[in-house]
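Observations on the model geometry
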Amino acid sequence: MNCPLLVITGPTASGKTSRGVDCARAFGGEIVSADSRQLYRGMDIGTGKDLCEYGEVPYHMIDVVPAGYKYNLFEYLRDAGEAIRTIRDNGKLPVVVGGTGMYVEALLNGLQLPEVPADPELRASLEGKSLAELTDMLSRMKQLHNTTDVDTAKRAIRAIEIAVYYERHPEAARQAVPHPVEGAVTVGVDIPRDMRRERISRRLRTRLDEGMVDEIRDIIASGVTPDDLIYYGLEYKFVTKYVLGRMTYDEMVSALETAIHQFAKRQMTWFRGMERRGHRIHWLPYDLPRRDFVEAVGSLL
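Everything numeric here is computed off the predicted structure, so don't read it as measured data.

Definitions and cut-offs
- Residues numbered from 1 in each chain as written.
- Predicted model: local features only at pLDDT ≥ 70, side-chain atom pairs only at ≥ 80, totals over all residues.
- Heavy atoms only, no water.
- Helix = DSSP H or I, 4+ residues; strand = E, 2+ residues; numbered from the N terminus.
- Rg over C-alpha atoms; globule rule 2.2 N^0.38 Å.
- Buried < 20%, exposed > 50% of the residue type's maximum accessible area, 1.4 Å probe, protein only.
- Contact = heavy atoms within 4.5 Å.
- Areas by Shrake-Rupley, 256 points an atom, 1.4 Å probe, with all protein chains shown as cover.
- Lys, Arg positive; Asp, Glu negative; His and termini not counted.
- Charge placed at Lys NZ, Arg CZ, Asp CG, Glu CD.
- Core = buried A, V, L, I, M, F, W, Y, C linked by side-chain atoms within 4.5 Å.
- Polar contact = N/O pair within 3.5 Å; in protein donor to acceptor, adjacent residues only side chain to side chain.
- Disulfide = S-S within 2.5 Å.
- Phe/Tyr/Trp six-rings, centres within 6.5 Å; stacked < 30°, edge-to-face > 60°.
- Pairing = 2+ DSSP bridges.
- Axes fitted to C-alpha atoms, helices over the stretch in contact; angles between N-to-C directions.
- Salt bridge = Lys/Arg side-chain N within 4 Å of Asp/Glu carboxyl O.

On to the overall build of the protein, then. Scanning the protein from N- to C-terminus turns up 13 helices and 8 strands. For the protein, whose C-alpha radius of gyration is 19 Å, the value lies close to the compact-globule estimate of 19 Å for 301 residues. Taking the principal axes of the C-alpha coordinates as reference, the protein spans close to 55 × 50 × 35 Å. Put simply, the protein has 301 residues, and 48% of those count as buried. Excluding contacts between residues fewer than 6 apart, the proportion of contacts in the protein whose partners are at least 24 apart in sequence is 73%. With an accessible surface of roughly 14700 Å², the protein has 49% of that area assigned to carbon and sulfur atoms. With 40 positive and 43 negative side-chain charges, the protein shows a spacing of 3 Å between the two charge centroids.

This is how it looks when you write it as structure tokens:
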């Protein structure tokens, strides 16, 4: 098998984790997660780690930093790149699994980023500005391809910090060039919109029944600030607001369900953008029998 990298991606609730595990098991691979929140220890139910699905299949880029830490793209590319190299050196197939499109595309592009240090003076000058003001500043510095950079004021400030650093250090910006992975295969798990919405709603209620609210209370009790949890968005944003008494339970469930549906829509927008930018995604039906799915992937490798 000459494939240097297999990617299994798709929107949330499409079932890509189990598909990725099936493929890793069939082709002698190891999983490299491309989920921006499964990186954090203790954030299990809300991020849907489902570690029981992996069985004997080794996995990487899950539970690598404590909750409260703000892991960035530079760190992800550094650490995931090292994991992929190690897997290949051991004669195994790296199977990237996840729906964080920015991570997936950056890996496929072989993007290498210089580390951008904190700028305390710049951060201090931006403190107190509204998210709308920060978004406007950032939009004048670079084209906004997604809303991830402006989910919160903290994210927007960091994005501005990075943009300013590249302006001041053009030699660093020139290092941030892609080196596309030749021969990589990307498979998308295709799920109809109505079925995706149904599965999102059902999964949300299951996670609440499994104790997602208590998980977030425990994380806060461990010393992670509510603002740091809100930074992670979706479940951690809305359930934290409920725990703090800023929303009723019903308000939280309704707002969170809507936010997850919107998130899945943004994921699909990203994947369509990837295709326009030259990345071939082989879409396979979400309900394809397991053996047929694996055989279809095998024919692409």
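What follows continues from the structure just given.
On to the nonpolar core, then. Of all hydrophobic cores here, the largest spans 51 residues; its most connected members are V32, L39, Y71, Y76, V96, M252 and L256. Mapped onto this core, the elements with two or more residues apiece are α2 (73–89), α3 (101–108), α8 (193–209), α9 (212–221), α11 (234–243) and α12 (249–276). Every residue in contact with Y71, bar those within four places of it in the chain, is listed here: L39, Y40, M61, V64, V65, Y76, D79 and Y103. Core analysis: the second largest hydrophobic core is formed by 23 residues, F27, I31, Y54 and V185 among them.

Moving on, we come to the side chain of Q267. The topology assignment puts Q267 in helix α12. A polar atom in the side chain of Q267 sits 3.0 Å from the backbone oxygen of G99. Each residue touching Q267, except ones within four places of it in the same chain, is listed here: G10, P11, T12 and G99.

Turning to the state of the cysteines, a few remarks are in order. Linking two cysteines covalently through their sulfur atoms gives a disulfide. Enumeration according to the criterion identifies 0 disulfides in this entry. Unpaired in terms of disulfides, C23 finds its nearest cysteine sulfur in C3, a separation of 11 Å. Cysteine C52 is unpaired, with the sulfur of C23 as its nearest cysteine sulfur at 18 Å. Take C52: its relative accessible area is 74%, and that puts it in the exposed class.

What follows deals with the packing of aromatic side chains. Scanning the entire structure with this criterion turns up 7 aromatic pairs. An angle of 55° between the planes, with centres 6.3 Å apart, marks the rings of Y69 and Y71 as tilted. Given the relative accessible area of 35%, Y69 is considered partly exposed. Its relative accessible area of 8% is what places Y71 among the buried residues. For the pair Y231 and Y232, a centre-to-centre distance of 5.6 Å together with 75° between the ring planes defines the contact as edge-to-face. Under the relative-accessibility criterion, Y231 is labelled buried at 11%.

This part takes up the sheet that holds strand β8 (residues 281–285). Within the open sheet, the 6 strands sit side by side as β4-β2-β6-β1-β7-β8. Their pairing is parallel. With one partner strand each, in any of the chains shown, β4 (59–60) and β8 form the two edges of the open sheet. In this fold α12 packs onto β1 (6–9) and β8, with an angle of close to 135° to the strand it touches most, β8.

In this structure the tally under the stated criterion is 19 salt bridges. Its salt-bridge partner being D44, residue K49 comes within 2.8 Å of it at the nearest N-O pair. In this structure, R158 and E161 form a salt bridge, with 2.6 Å as the shortest nitrogen-oxygen distance. Taken as a pair, R158 and E161 lie in helix α6 (residues 153–168) at a separation of 3 residues, close to a single helical turn. By sharing partners, the salt bridges in this structure join R37, R207 and E235 into a single network.

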